[in-house]
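Analysis of the macromolecular model
What follows is the residue order along each chain.
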Amino acid sequence: MPNNDFPVFGSTNNSLLKKHLTKEIYYSLNDLKTSSGFTLDQAIKSGVVNDGSNVGIYAGDLESYKIFAPIFDKIIADYHNFSTSDSHTSDLTPPESGWANPDPEGKYIISTRIRVGRNLADMPLGTAISKEQRDEIESKVSAILKGLTGELAGDYYPLAGMSEEDSTRLIEDHFLFKAGDKYLEAAGLNRDWPSGRGIFHNHDKTFLVLINEEDQLRIISMQNGGDIFQVFSRLSKAVAILSDAFSFLYNDHLGFITSCPTNLGTAMRASVHIKLPNLAKNMEIFEKITDEYFLQIRGIHGEHSESEEGIFDISNKRRLGISEVDLLQGLYDGVLALINMDKEAV
Ligand code: ADP
Ligand code: CIR
């Protein structure tokens, strides 16, 4: 039985975990285990040891969201504004009307990327998985990916035993996993590294799949410029093929089940790398617009990184209780509003 003591959080820790984990909740859950053997102490370790955590909790399996519901439900409600009686509906069908490019002259948007996370229905999540299960996922998923044809056809690069040449190229392209991420490390997601991990990409590098990173599959479509519709159409096609081949963890309440509760629902983050030199000088107006359109500002080297040279990563903050298509409409409207405001603020 774990039966540990209530965690001590650092004074600079502003995580949702610290905000919502009461002694009462902790002691009511800390001797429970899911059927994959996952405990509350494992779930919260990342948020306890990393004061920079925004959220601070990971699930080990679908059951974690049920057994540890007293803490997960509070964090899910706070992050997603989503209650225990709400439901989720997925819609990955590109709308017939499409979306025009919000930056047709290519002055603002450098690139567009959309990713979704998926996990297999009959497996624990990466936080609680065994080495054998992880390796089995790698072999099944990479086999399907290697069979893709047309625009999606490409090659799989396992991290284990990767040649220096491949590794240098993937690092230069910003495709390699951020090895040693301290949040994932504390969550148990880097165990047995690099075994079972790898990257598939098509020949044009516009379609990628990361295997056994934070989620078992991270399916990514990306390209230069601001054609959100084209990026989404490619993603939608790839997800449909993979959904025919595998059964993914999903339920009507939480949508697609992911190891981090921020990704529940659509498990989608759609982002643009965008230059907004004028708004960069007035973060108050910038954040007023991003808040209005439910967008998140990140630095260009990914989560927990800073912005550089007035270039920002702007993406949907919400993922749960709203469909993929509606989130993309919000990103499109918000990016257009940001571009128009940057033009005015000269
Ligand atoms: P995610 O959880 O979406 O994978 P990260 O913030 O860790 O989040 O980003 C992963 C990688 O994708 C980073 O290297 C980041 O620079 C890159 N990236 C994100 N959005 C874009 C974009 N629109 N264009 C190009 N690269 C991007
Ligand atoms: C954290 O708590 O900061 C990390 N575990 C990542 C959480 C997901 N991202 C986010 O809220 N921006």
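Every value quoted in this text rests on a predicted model; they were computed, and no experiment measured them. As a convention, each chain's residues are numbered from 1 in the sequence order in which they are written. Here chains are named by letter from A upward and ligands by number from 1 upward, in the order in which they appear as written. For a predicted model such as this one, the threshold for reporting local features is a pLDDT of at least 70, and the threshold for listing and counting side-chain atom pairs is 80 or more; totals across whole chains, interfaces and linings nevertheless cover every residue. Hydrogen atoms and water are omitted, and side-chain values are computed over all heavy atoms in the structure.

For Leu189, the location among the structural elements is in the loop between α8 (182-186) and β3 (198-202). Summary of the burial criterion: residues with accessible area below 20% of their type's maximum are buried, those above 50% are exposed, and those between are partly exposed, where the area comes from a 1.4 Å probe applied to protein chains only. A residue is classified by how much of its surface remains accessible, and Leu189, at 3% relative accessible area, is buried. Separated by 24 residues in sequence, Leu189 and Glu213 place their C-alpha atoms 7.2 Å apart. Among all residues touching Leu189, those that are not within four sequence positions of it are Tyr58, Gly126, Thr127, Leu184, Arg197, Glu213, Glu214 and Ser259. Only runs of H or I of at least four residues qualify as helices and only runs of E of at least two qualify as strands under DSSP, and these elements are numbered from the N terminus. Residues count as neighbours in contact if any of their non-hydrogen atoms are within 4.5 Å of one another.

Buriedness of a pocket was judged along seven lines, with at least five required to meet protein on both sides within 12 Å; pockets are open sets of points on a 1 Å grid over the protein atoms alone, cavities are sets where a 1.4 Å probe fits but cannot get out, and lining residues have an atom within 4 Å of a point. Grid points are joined across faces, edges and corners, and a volume is the space filled by probe spheres set on the points. The volume enclosed by the second largest pocket comes to roughly 230 Å³. Lining the second largest pocket we find Tyr79, His80, Asn81, Phe82, Thr290, Asp291, Phe294, Lys317, Arg318, Leu320, Gly321 and Ile322. Mapped onto the lining of the second largest pocket, the elements with two or more residues apiece are α5 (69-80) and α10 (283-292). As a working rule, the residues Ala, Val, Leu, Ile, Met, Phe, Trp, Tyr, Cys and Pro are called nonpolar, Asp, Glu, Lys and Arg charged, and the rest polar, with Gly in that last group. Residue composition of the lining of the second largest pocket, grouped by class: five nonpolar, four polar and three charged.

In this section: the pairing of strand β8 (residues 268-275). Along any regular strand, the residues point their side chains to alternate faces of the sheet. Of all the eight residues making up β8, six are buried; the element is thus mostly covered by neighbouring parts of the structure. Strands pair, by our definition, only if DSSP identifies at least two bridges between them. Direction of pairing for strand β1 (residues 109-118) relative to β8: antiparallel, over a ladder of seven bridges. From the neighbouring strand, Arg113 faces β8, where its bridge partner is Ser271. The sheet contact formed by β8 and strand β10 (residues 311-316) spans five bridges and is antiparallel.

What follows deals with helix α9 (residues 228-245). Here α9 spans 26 Å end to end across 18 residues, near enough to the 26 Å set by a 1.5 Å rise per residue. Along α9, the positions that sit buried rather than exposed are Ile228, Val231, Phe232, Arg234, Leu235, Ser236, Ala238, Val239 and Leu242. A helix is expected to span 1.5 Å for every residue after the first.

Moving on, we come to the domain arrangement of the protein. You can read the domains of the protein as domain 1 (7-80) and domain 2 (87-118 + 217-225 + 265-346). Summarising the inter-unit geometry, the C-alpha centres of domain 1 and domain 2 are found 29 Å apart. Every contact between the two is made by five residues of domain 1 and, on the other side, six residues of domain 2. It is Asn54, Tyr79 and His80 in domain 1 that bury the most area against domain 2; as a group they hold 86% of the surface buried on that side. Note on definitions: salt bridges are taken to be side-chain nitrogens of Lys or Arg within 4 Å of carboxyl oxygens of Asp or Glu. For the pair domain 1 and domain 2, the number of links is zero salt bridges. For the purposes of these results, a polar contact is taken to be a pair of N or O atoms within 3.5 Å, where, inside protein, one atom must be able to donate a hydrogen and its partner to accept one; residues adjacent in sequence count only when each atom of the pair is a side-chain atom. Counting every contact that joins domain 1 to domain 2 gives zero residue pairs in polar contact (both at pLDDT 80 or more). Class assignment of the residues belonging to the side of domain 1 that touches domain 2 gives a composition of two nonpolar, three polar and no charged. Each domain's extent is set by a domain assignment, obtained either automatically or from a database. Buried area is understood as the total, over both parts, of accessible area removed when two parts are fitted together, assessed with a 1.4 Å probe.

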